[in-house]
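Residues per chain, in single letters:
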Amino acid sequence: KMKKIKIISGGQTGVDQAALDVALELGLEIGGWVAKGALDENGENILDKYPQLKETPSDDPKQRTEWNVRDSDWSIICYPWLHEVSKGTLESKGTDYTIEVVNSKNQSHSYVLNRDLYDPTYQKGEVPPQAVVESTDLLELDNNSIKPLVINVAGPRESELPGVYEKTKELLKEILEDLMREGRL
């Protein structure tokens, strides 16, 4: 039996919007929390594009991150580790904070690294060097539950890593389609 899934994210440019767009293309439900004001880094209103998302009371993006982890069963962190990008090493404070929150809550999570775009030989902490979506944690989640499995997707903004939107979209689509094909989702 196919498990219904819902994809949530913070609606920011880059990884967040790629996840929401893939979900919509695949006919999956979307949601998530955005920081009060609901503006992405280009000044566009996130709720105009994704009315299914909701604003947090605070304009501090940390609250949005915490609430998206709290309201999900599993997080996929699309986090590219690179030797160097033109501006030096990649910094994504939002992604770092998501990893911190996920670890503090002991939430099931996977890191997705794309070999074309990222360097898989460099590992930060215990991160495996390739896409880890064959997570047994996913299968252990309550399959009899009628509520959808909620997957939180997080990662860098487009300005932090230009091109991350397209790459993430390609990668997530492949992953979700595989899982759907196998009847796992």
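Residue positions are given per chain, counted from 1 along the sequence in the order it is written. Totals for whole chains, interfaces and linings use every residue, but because this is a predicted model, local features are given only for residues with pLDDT of at least 70 and side-chain atom pairs only at 80 or more, for both listing and counting. Heavy atoms throughout the structure, all of them, feed into the side-chain values; hydrogens and water do not.

A. Structural view of the packing of helix α3 (residues 61-70) against helix α4 (residues 93-104). Axis angles are defined between N-to-C directions and span 0 to 180 degrees, where every axis is a line fitted to C-alpha atoms and, for a helix, only to the segment in contact. Each helix is a run of DSSP H or I of at least 4 residues and each strand a run of E of at least 2, with the numbering of both proceeding from the N terminus. Contact geometry of α3 with α4 gives a least axis separation of 10 Å together with a crossing angle of 40 degrees. In terms of their interaxial angle, α3 and α4 are classed as oblique. For the pair α3 and α4, the crossing hand works out as right-handed. Contacts between α3 and α4 involve K62, T65, E66 and V69 from the former and Y97, T98, V101 and V102 from the latter. Any residue outside Ala, Val, Leu, Ile, Met, Phe, Trp, Tyr, Cys, Pro, Asp, Glu, Lys and Arg is labelled polar, Gly included; the first ten of those are nonpolar and the last four are charged. Classifying every residue of the contact of α3 with α4 by side-chain character gives four nonpolar, two polar and two charged. Note on angle classes: values under 35 degrees are labelled roughly parallel, values over 145 roughly antiparallel, values of 65 to 115 roughly perpendicular, and the remainder oblique. When the near helix sits turned anticlockwise from the far one by under a right angle, the crossing is termed left-handed; a clockwise turn instead gives a right-handed crossing. Only heavy atoms matter for contacts: two residues are in contact if any of them lie within 4.5 Å across the pair.

B. Spatial organisation of the nonpolar core. Nonpolar cores are built from buried Ala, Val, Leu, Ile, Met, Phe, Trp, Tyr and Cys residues. Side-chain atoms within 4.5 Å join them into one set. Each residue's exposure class comes from its accessible area (1.4 Å probe, protein chains only) as a fraction of the maximum for that residue type: buried when under 20%, exposed when over 50%, partly exposed otherwise. Judged by nonpolar contacts, the single largest core of 24 residues is most densely connected at I5, I7, L53, I76, I151 and V153. For this core, the secondary structure elements donating two or more residues are β1 (5-8), α1 (15-25), β5 (74-78), β7 (149-154) and α6 (164-181). Core analysis: the second largest hydrophobic core is formed by six residues, I77, Y97, I99 and V102 among them.

C. Examining the confidence of the model for the protein more closely. With 67% of its residues at a pLDDT of 70 or more, the protein has an overall mean of 76. Confidence scores here are pLDDT values: one per residue, from the predictor, ranging 0 to 100. Scored below 50 in pLDDT, residues 81-88 shows 19 contacts in the model against residues more than four places distant or in partner chains.

D. Molecular detail of unusual backbone geometry. Positioned with a positive phi, A38 is a non-glycine residue whose angle comes to about 55 degrees. Among the residues examined, A38 registers a relative accessible area of 2% and is labelled buried.

E. Quick look at the packing of aromatic side chains. Note on aromatic contacts: the rings of Phe and Tyr and the six-membered ring of Trp form a pair at centre separations within 6.5 Å, being stacked when their planes are under 30 degrees apart, edge-to-face when over 60 apart, and tilted otherwise. In this structure the tally under the stated criterion is one aromatic pair. Charge-over-ring contacts are defined here by two conditions on Lys NZ or Arg CZ: a distance within 6 Å of the ring centre and an angle within 35 degrees of the ring normal. Between the NZ or CZ atom of K62 and the centre of the ring of Y97, over which it lies, the distance is 4.8 Å. It is R70 that lies over the ring of W67; its NZ or CZ is 4.6 Å from the centre.

F. Representation of the pairing of β1. The pairing of β1 with β7 spans four bridges and is classified as parallel. Paired with K6 across the two strands is V150, which belongs to β7. Where β1 and strand β2 (residues 29-31) come together, three bridges link them in parallel fashion. Across the sheet, the residue bridging to I7 is I30, located in β2. Here the rule is simple: two strands pair whenever DSSP picks up at least two bridges between them.

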